[in-house]
Amino acid sequence: MRAMPKTLLSLALSAACVMPVQAQSTDPAAPAEVAQEAEDSQAAKVPLDEIRRYVTVYNAIKQAYVDPVDDHALMQSAVRGLLLDLDPHSAYLAKSDAEEFDEMTRGAYDGVGVELQQLPEGGVRVIAPFDDSPAERAGLRSGDRIIAIDGKALDAPGDGDLSAPLRGKAGTKVTVKVVREGVRDPFDVVMVRDTIRTTSVRSRLLEPGFGYIRIASFQASTAADFTRQLDALQKDAPLRGLLIDLRSNPGGLLVGAVQIADELLDKGGIVSTKGRAAIGDTRFDATPGDRLRGAPVVLLVDAGSASASEVLAGALHDNKRARVVGSRTFGKGSVQTLLPLDNGDSVKLTTARYFTPSGHSIQARGIEPDLMLRADAGDKRPAPVSEAALPRHLEAEDMLEGDNAGEVLAGQKPIDAALAELKRMAGVPAAIATPKPVAKPAAKPQ
């Protein structure tokens, strides 16, 4: 495993101050720098009139609201309100939620194993169930909307994470009420909680010489697991081609995607980020050494492939190292930084945008495959809501007309189609069908 720059680990795993650091310029011939310093200074000033207005409302609530309101609860609501009208990925995390976020990066927690998007109108939408999780075994699908948990309706966001009741002791049951596109009435789904040890990487040989690696999410150990399993596939002989399956991979730690791209690239950019503060401006380039030694790569994606999945797809595609097969990806092209607070809570704040090596933003647009696949009519599932359809999403540089959401591609057929493309890239001639002999008509009875 190649060493990662400390800046990347900081961006992906730890907190950072996002207020701009004002540079001190002593050069009188630098009016642009002076103007920028003045602008930053103005931006850093506390708006006293707005603070006075807030105090007025706060006192009115304390003195006149119909029921007494606890100071701590009121202040918590005020802090959450600061983030409420930002983009859908900025959020206030209570201590328990911040601990769960950390558990997800480690890859073990008690729950049902599902990636969710909280909706402003109430309820949560399923982005993707984890592989072999209670949620997947119970039949939850990408695009399902959960409107109640154990009989309690999920109202609009206000206090904490609406999906928190899905967590609980392994072996206990939880019932969710689901609204599904194409199904007339809401229905119940019963799941048995389990210790979710999300094995993020699985691998096998599809055919002699052609490897398959499934990456379900990007955790702290994902890149190391990918390298170990890739080497195992090549233990006896170099691979002629590799299929990487990123379908319904909701993302995770940026560091994993960057490290995997580096293992497959000999040179070139991987990803860059750009934000208002200096901490948001980063660029990551490949180091020499391609673990596949130039063998072709195909990435299989769909509408549930998001964030770090899109970073990996964009890096390999823009460097002409891989072909992308499947459906348009989710389009989450923003960077979130976790800022811990003194009481154990944290703020998850969007601080930058991702850009592919060619300089294109993923945000609200996603990655468009080189070879587009469509779900079979009998196997078609509703796509998860795309980034472009989320309320208050960051605007894209180049918005698409209309709905740009892709499809969720389930089952074996997309793998078969991606393998056929991989073999074509490897120069394997298409199988020639052998004509079947024409059966002779049976002799008529005499």
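Residues numbered from 1 in each chain as written. Predicted model: local features only at pLDDT ≥ 70, side-chain atom pairs only at ≥ 80, totals over all residues. Heavy atoms only, no water.

### Considerations on a nonpolar patch on the surface
Working step 1: Taken together, Val46, Leu48, Ile51, Tyr54, Val55 and Met75 make up a surface patch of nonpolar side chains, about 510 Å² in accessible area.
Working step 2: No other element matches helix H3 (residues 48–64), which puts four residues into the nonpolar patch.
Working step 3: Looking at where valine 46 falls in the secondary structure, it is placed in the loop between helix H2 (31–44) and H3. (Patch = residues over 30% accessible without salt bridge, like charges linked within 9 Å, V, L, I, M, F, W, Y side chains within 5 Å. Areas by Shrake-Rupley, 256 points an atom, 1.4 Å probe, with all protein chains shown as cover. Salt bridge = Lys/Arg side-chain N within 4 Å of Asp/Glu carboxyl O. Helix = DSSP H or I, 4+ residues; strand = E, 2+ residues; numbered from the N terminus.)

### Focus: the side chain of serine 142
Working step 1: With respect to the secondary-structure elements, serine 142 resides in the loop between helix H6 (134–138) and strand S5 (145–149).
Working step 2: Polar contacts involving the side chain of serine 142 include one to the main-chain carbonyl oxygen of isoleucine 127, which spans 2.8 Å. (Polar contact = N/O pair within 3.5 Å; in protein donor to acceptor, adjacent residues only side chain to side chain.)

### A short note on the packing of aromatic side chains
Given two aromatic rings, one states the distance between the centres and the angle between the planes to describe the pair.
Working step 1: According to the stated counting rule, one finds one aromatic pair in the structure shown.
Working step 2: Geometrically, the ring pair formed by tyrosine 54 and tyrosine 58 is tilted, given 6.0 Å between the ring centres and 45° between the ring planes. A residue pair is termed a helical-turn pair when its members lie 3 or 4 positions apart in one helix, as tyrosine 54 and tyrosine 58 do in helix H3 at four residues.
Working step 3: Residue tyrosine 54 is classed as partly exposed on the basis of its relative accessible area, which comes to 33%.
Working step 4: The class for tyrosine 58 is buried, based on a relative accessible area of 16%. (Phe/Tyr/Trp six-rings, centres within 6.5 Å; stacked < 30°, edge-to-face > 60°. Buried < 20%, exposed > 50% of the residue type's maximum accessible area, 1.4 Å probe, protein only.)

### Observations regarding the nonpolar core
Working step 1: Ranked by size, the top nonpolar core spans 41 residues in total, and within it Ile215, Phe226, Ile244, Leu299 and Leu312 carry the most contacts.
Working step 2: When sequence neighbours within four positions are dropped, the list of residues in contact with isoleucine 244 reads Ile213, Ile215, Phe226, Leu264, Val297, Val298, Leu299 and Leu300. (Core = buried A, V, L, I, M, F, W, Y, C linked by side-chain atoms within 4.5 Å. Contact = heavy atoms within 4.5 Å.)

### With respect to the pattern of salt bridges
Working step 1: A complete count under the given rule lists 19 salt bridges for this structure.
Working step 2: In this structure, lysine 177 and aspartate 188 form a salt bridge, with 3.0 Å as the shortest nitrogen-oxygen distance. Of this pair, lysine 177 sits in strand S7 (residues 173–179) while aspartate 188 sits in strand S8 (residues 187–192), placing them 11 residues apart in sequence.
Working step 3: The closest approach of N and O atoms between arginine 228 and aspartate 225, which form a salt bridge, is 3.5 Å. Remark: aspartate 225 and arginine 228 occur in helix H7 (residues 222–233); sequence separation between them is three residues, near one turn of the helix.
Working step 4: Taken together, the shared-partner salt bridges connect Arg214, Asp245 and Arg247 into one network.

### Section: the packing of helix H8 (residues 254–264) against helix H9 (residues 308–318)
Working step 1: H9 packs onto H8 with a crossing angle of 20° between their chain directions and a minimal axis gap of 8 Å. The orientation of H8 relative to H9 falls into the category roughly parallel. The element H8 and its partner H9 pack so that their crossing is right-handed. Contacts between H8 and H9 pair Leu254, Ala257, Ile260, Ala261 and Leu264 from the former with Ala308, Val311, Leu312, Ala315 and Leu316 from the latter.
Working step 2: Across the contact of H8 with H9, the residue classes break down as 10 nonpolar, no polar and no charged. (Axes fitted to C-alpha atoms, helices over the stretch in contact; angles between N-to-C directions. Parallel < 35°, antiparallel > 145°, perpendicular 65-115°, else oblique. Left-handed = near helix turned anticlockwise from the far one by under 90°. Nonpolar A, V, L, I, M, F, W, Y, C, P; charged D, E, K, R; others polar.)

### A closer look at the sheet that holds strand S15 (residues 297–301)
Strand pairing in a sheet takes place through backbone hydrogen bonds and is either antiparallel or parallel in direction.
Working step 1: Strand order in the open sheet formed by six strands is S10-S11-S12-S15-S16-S19, and the pairing between neighbours is mixed. Whereas interior strands pair on both sides, the edge strands pair on one side only; in this sheet they are strand S10 (201–207) and strand S19 (371–372).
Working step 2: Of the strand pairs in this sheet, S15 and strand S16 (residues 322–326) are connected by five bridges, and their pairing is parallel. Counted as the bridge partner of leucine 299 is valine 324 from S16.
Working step 3: The sheet strands contacting H7 are S10, strand S11 (210–215) and strand S12 (241–245), and the helix crosses S10 at an angle near 25°.
Working step 4: Sheet strands in contact with helix H10 (residues 413–425) are S10, S11, S12, S15, S16 and S19, and its direction is about 160° off that of S15. (Pairing = 2+ DSSP bridges.)

### Here we look at the confidence of the model for the protein
Working step 1: Summary statistics for the protein give a mean pLDDT of 82 and a share of 79% for residues scoring 70 or more.
Working step 2: The low-confidence segment residues 3–36, where pLDDT is below 50, has 49 contacts with residues more than four positions distant or belonging to other chains.
Working step 3: Across residues 432–446, confidence stays below pLDDT 50; counting only partners more than four residues off in sequence or on other chains, it has zero contacts. (pLDDT = per-residue confidence, 0-100.)

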